[in-house]
Amino acid sequence: QVQLVESGGGLVQAGGSLRLSCAASGRTYSTYAMGWFRQAPGKEREFVAAINWSGDNSHYADSVNGRFTISRDNAKNTVYLRMNSLKPEDTAVYYCAAVWRIATTVPITRAEYDYWGQGTQVTVSS
């Protein structure tokens, strides 16, 4: 029903910045909550950030709070993740996720999301 495609990953030095994009296609709605997760080699997929459908409420993992910013452009069916002050431990495959939700709260667990992108690699060198 909904397809998500991430882009913007790449190689960056520690302290640098990247902006990831997630473009939604298919049957999309402005009432989808959107989130970002990441998975490093040999580790579980972990929550990074999420934003509600209206874009006025967001939540971040402690590990990225203050460095990453999630935003969305509903007219473009796109969610973004601006990553600043990147650290080597941020290296992972980053996944975009979506779930239909009209509440102002934001889902932060993997099980709450219905749709997932294919992931984009972010590598931070030291």
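Refer to the preceding data block for the structure.
Keep in mind the model is a prediction, meaning the values are calculated, not measured.

Novice: I'm lost on the pattern of salt bridges in this one. Help?
Specialist: Enumeration according to the criterion identifies three salt bridges in this entry. We note a salt bridge from R38 to E46, for which the minimum N-O separation is 2.7 Å. For R38, a relative accessible area of 5% translates into the label buried. Here R67 and D90 are joined by a salt bridge, their closest N and O atoms 2.7 Å apart. Here R67, found in the loop between strand 6 (58-60) and strand 7 (68-73), pairs with D90, found in the loop between strand 8 (78-83) and strand 9 (92-100); they are 23 residues apart in sequence, far enough to count as distant. D90 carries the same exposure label as R67, and that label is buried.

Novice: Looking at this structure, how should I read the environment of Q1?
Specialist: Of note, Q1 is situated in the segment before strand 1 (2-7). Given a relative accessible area of 52%, Q1 falls into the exposed group. Polar side-chain contacts of Q1 include one of 2.8 Å to the side chain of Y115.

Novice: I would appreciate a short explanation of the environment of L81 in the present structure.
Specialist: Tracing the chain through its elements places L81 in strand 8. Sequence separation between L81 and D114 is 33 residues; the distance between their C-alpha atoms is 19 Å.

Novice: Quick question: what am I supposed to make of the sheet that holds strand 7 here?
Specialist: Hydrogen bonds between backbone groups are what pair the strands of a sheet, and the pairing can be parallel or antiparallel. The antiparallel open sheet is built from four strands, whose spatial order is 1-3-8-7. The outermost strands of the open sheet, each flanked by one partner alone, are strand 1 and strand 7. Across this sheet, the average inter-strand angle for adjacent strands is 15 degrees, counted without regard to direction. Note: strand 3 (residues 18-26) against strand 8, six bridges, orientation antiparallel. When the sheet's bridge partners are listed, L18 is paired in strand 8 with M83.

Novice: I'm lost on the side chain of R45 in this one. Help?
Specialist: Structurally, R45 can be placed in the loop between strand 4 (32-39) and strand 5 (46-51). With no salt bridge to any partner, buried R45 finds its closest opposite charge in E6, at an N-O distance of 7.4 Å. For R45, the side chain forms a polar contact with the side chain of Q39, separated by 3.4 Å. If near-sequence neighbours (up to four positions away) are discounted, R45 is found in contact with F37, R38, Q39, Y95, R110 and W116.

Novice: Before we go on, may I ask you to explain the pairing of strand 1 in this structure?
Specialist: For a regular strand, side-chain orientation follows a simple rule: the groups alternate between the two sheet faces. Along strand 1, the buried face is formed by V2, L4 and E6; none of Q3, V5 and S7, which line the opposite face, is buried. As judged from the six bridges shared by strand 1 and strand 3, these two strands associate in the antiparallel manner. Its bridge partner lying in strand 3, V5 is registered against A23.

Novice: Looking at this structure, how should I read unusual backbone geometry?
Specialist: Excluding glycine, residues mostly carry a negative phi; peptide bonds, for their part, are mostly trans. Here the phi dihedral of N77 falls at roughly 50 degrees; this positive angle occurs in a residue that is not glycine. Relative to the elements of secondary structure, N77 occurs in the loop between strand 7 and strand 8. In this structure N77 comes out as partly exposed when scored by relative accessible area, which is 28%. Although it is not a glycine, S85 sits at a positive phi angle of roughly 50 degrees. Within the secondary structure, S85 is located in the loop between strand 8 and strand 9.

Scoring rules and cut-offs
- For every chain, the first residue of the written sequence is number 1, and numbering continues from 1 along that sequence.
- Given that the model is predicted, a residue must reach a pLDDT of at least 70 before its local features are reported, and side-chain atom pairs must reach 80 or more before they are shown or counted; all residues, however, enter totals for whole chains, interfaces and linings.
- In computing side-chain values, all of the structure's heavy atoms are included and hydrogens and water are not.
- Note on definitions: salt bridges are taken to be side-chain nitrogens of Lys or Arg within 4 Å of carboxyl oxygens of Asp or Glu.
- The buried label goes to any residue with under 20% of its type's maximum accessible area, the exposed label to any with over 50%, and the partly exposed label to all in between, with areas taken from a 1.4 Å probe on protein chains only.
- A helix here means a DSSP run of H or I that spans at least four residues, while a strand means a run of E at least two residues long, and both kinds are numbered starting from the N terminus.
- For this analysis, a polar contact is any N or O atom pair within 3.5 Å, provided that within protein one partner can donate a hydrogen and the other can accept it, and provided that sequence-adjacent residues contribute only side-chain to side-chain pairs.
- Strand pairing is assigned whenever DSSP detects at least two bridges linking the two strands.
- With axes taken as lines fitted to C-alpha atoms, and helix axes fitted only over the stretch in contact, angles between N-to-C directions fall between 0 and 180 degrees.
- A positive count includes Lys and Arg, and a negative count includes Asp and Glu. His and the chain ends are not counted in either.
- Contacts are assigned to residue pairs that have any heavy atoms within 4.5 Å of one another.

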